[in-house]
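# A closer look at the structure
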Amino acid sequence: MKLAVIGAGKWGQALYHAFSEKNEVVITSRTPKDIPHFVSTDEALKYEYLVIAIPAQAVRGWMEENFVDHGQKILVAAKGIETATGSFLNEIYGEFVDSDRLAFISGPSFAAEVKESLPTALVISSTNAGLAQIYADALPEYIKGYVNDDVIGEEVAGAYKNVIAIAGGVSDGLELGNNARAALISRGLVEMTRFGEAFGAKTETFLSLGGAGDLFLTASSTLSRNYRVGVGLAQGKKIEAILEELGEVAEGVPTAKALYLLAKQKDIYLPIATEVYAMVEEGKDPRQSVKDLLG
């Protein structure tokens, strides 16, 4: 299989490494990188199969400015909700490409471990079962691939877990203990499921790799950028300083705002996401957020 990865951040490079095991792969990004088989964007877009690892908030702009439709099939490798519009990634990409040419990858997958060829299992979701299977079969031996058709469920799970991960970092940063973190993550899973069901997602999706699997991973490890954001908030740092220190995109930050706005619109009860929004956007004291959640 010939495949092009677009986006050469840590996740893009990890996917380039993974897919290179069994396939002929090139990679490109807005900023030139010293990576083997780095090509221009124009060259990458000539490939039939694309893996696009561009952060959620930048997707629409990138597609408008760069995408040329040659009938490509796209595997979307970002997780998030567009803050400006409340749009899910399948809706944004759907403005440029038919849904049967889109697939989405999710599941527990820290980039650093994927790049080290450590084992995991991931889900490829698509309304086109054949396309999902093609991408699943292209995964390396150390990644077990599953397929499903619940695109919105996997999208909600992938976006929402980043917000709960911020809360997990706050909990650990305040040294609230293992019980508190376990309670927070399990209630986060309930909240995530409630939100997803409001958009037509399947309940079982949230109990699988893309839901519980990715949530447990991201909300409890310093390898998670969003978790580290939460730790910084617990230490009393301002969000701007945390993000500058991080030097990478933490999708949970804009996604918290998107969830808050969508929840208000649809009247969905999201207590944890609402407190994360308040801490990130309004500078609320994390200790007060804990009290309010317990209340």
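None of these values were measured; they are calculated from a predicted model.

On to the nonpolar core. Side chains of nonpolar character tend, in soluble globular proteins, to be buried together. The biggest cluster of nonpolar side chains holds 44 residues, and the ones touching the most others in it are Tyr-160, Phe-195 and Val-229. Mapped onto this core, the elements with two or more residues apiece are helix H7 (151–173), helix H8 (178–198), helix H9 (209–218), helix H10 (225–234), helix H11 (239–246), helix H12 (252–266) and helix H13 (271–282). Examining the composition of this core, we find that 11 residues originate from one element, H7, more than from any other. Discounting residues that sit within four places of it in the chain, Tyr-160 has contacts with Glu-191, Met-192, Phe-195, Leu-259, Leu-270 and Ala-273. Membership of the second largest hydrophobic core comes to 31 residues, among which are Val-25, Ile-27, Val-51 and Ala-111.

Before going further, it helps to examine the layout of surface pockets. A volume near 1,000 Å³ is recorded for the largest pocket. Along the wall of the largest pocket there are 39 residues; nearest its centre are Lys-10, Trp-11, Arg-225, Glu-248 and Val-249. Contributions of two or more residues to the lining of the largest pocket are made by helix H1 (10–20), helix H5 (111–115), H7, H9 and H10. Broken down by class, the residue content of the lining of the largest pocket amounts to 15 nonpolar, 14 polar and 10 charged. The calculated volume of the second largest pocket comes to roughly 500 Å³. Surrounding the second largest pocket, 24 residues form its lining, Leu-184, Ile-272, Val-290, Leu-293 and Leu-294 being those nearest its centre.

Conventions used here
Residues numbered from 1 in each chain as written. Predicted model: local features only at pLDDT ≥ 70, side-chain atom pairs only at ≥ 80, totals over all residues. Heavy atoms only, no water. Core = buried A, V, L, I, M, F, W, Y, C linked by side-chain atoms within 4.5 Å. Buried < 20%, exposed > 50% of the residue type's maximum accessible area, 1.4 Å probe, protein only. Helix = DSSP H or I, 4+ residues; strand = E, 2+ residues; numbered from the N terminus. Contact = heavy atoms within 4.5 Å. 1 Å grid on protein atoms, 1.4 Å probe; cavity = no way out; pocket = protein on both sides within 12 Å on 5 of 7 lines; lining within 4 Å. Points joined across faces, edges and corners; volume = space filled by probe spheres on them. Nonpolar A, V, L, I, M, F, W, Y, C, P; charged D, E, K, R; others polar.

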